[in-house]
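Inside the fold
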Amino acid sequence: MSTNALKYTTHEGIIKLVPLDTIRLIRHLTEEDKARAKDSLKEKKGIDIDAARVNVRIEFGDKSSKLAQESLDALREQGIALVNLGSDRYVPANNITGAEAFSKEDAERLKGDEYTLKQTFRSKVETRAGTVLSSATPVQIMDRRAKAMEAVPANSNNKKPTAKPA
């Protein structure tokens, strides 16, 4: 499988393949998150899901999201290098295009736009699918990106080529 796409199984058991660069964020779901998602889907859309079958929420650049049965480890086994932004929030390493400091002015500007910041953010991470805030510093983000890309499984098409000994 190419690492240009992510394969996941929906809560209904449907296997989907999506372009990696459309993924903004992947969140590991806690038991509380699963219960909240189940209640929300039941209330808003009349959909009753088996919360025990879902493990992550995949958020896309258009701010839509899908629940997936795969674990973070299963996604990594596909050759997807994931970078931890903090608070169990991950971004595909290939999607990260840069990181810069998140200033107090940035925080104030967001508060003026009626956003509630529940944690302290240290960086703005630019991805192919939009900007994501992180509690890690820009240097930590870029270091994590480099390490994640080096740690891609050997069975992945994303592995760096190695020179053969002469």
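Up top you'll find the structure we're talking about.
Residues numbered from 1 in each chain as written. Predicted model: local features only at pLDDT ≥ 70, side-chain atom pairs only at ≥ 80, totals over all residues. Heavy atoms only, no water.

1. Structural notes on the pattern of salt bridges
In plain terms, the rule: Any Lys or Arg side-chain nitrogen located within 4 Å of an Asp or Glu carboxyl oxygen qualifies as a salt bridge. Numbered from the N terminus, helices here are DSSP runs of H or I no shorter than four residues, and strands are runs of E no shorter than two. Only protein chains enter the accessibility calculation, which uses a 1.4 Å probe; a residue whose area is less than 20% of its type maximum is buried, one above 50% is exposed, and one in between is partly exposed.
Scanning all chains against the criterion turns up ten salt bridges. The salt bridge partner of Glu 59 is Arg 24, with a shortest N-O separation of 3.6 Å. In this pair, Glu 59 sits in strand β4 (residues 56-60) while Arg 24 sits in strand β3 (residues 23-28), placing the two residues 35 residues apart along the sequence. Each member of the pair, Glu 59 as well as Arg 24, carries the same accessibility label: buried. Residues joined in a network through salt bridges with shared partners are Glu 100, Asp 106, Arg 109 and Lys 124.

2. As for the sheet that holds β3
What counts is decided by this rule: Two strands pair if DSSP finds at least two bridges between them. Between N-to-C directions, angles cover 0 to 180 degrees, with each direction set by a line fitted to C-alpha atoms, over the stretch in contact for helices.
The sheet built from five strands is open, its strands ordered β5-β4-β3-β7-β6 with antiparallel pairing. Each edge of the sheet is formed by a strand with only one pairing partner; in this case those strands are β5 (65-68) and β6 (82-86). Within the sheet, the average angular offset between the axes of one strand and its neighbour, ignoring direction, is 30°.

3. Comments concerning the environment of Lys 63
Examined against the element boundaries, Lys 63 turns out to sit in the loop between β4 and β5. Counting along the chain gives 67 residues from Lys 63 to Gly 130, while the straight-line C-alpha distance between them is 9.3 Å.

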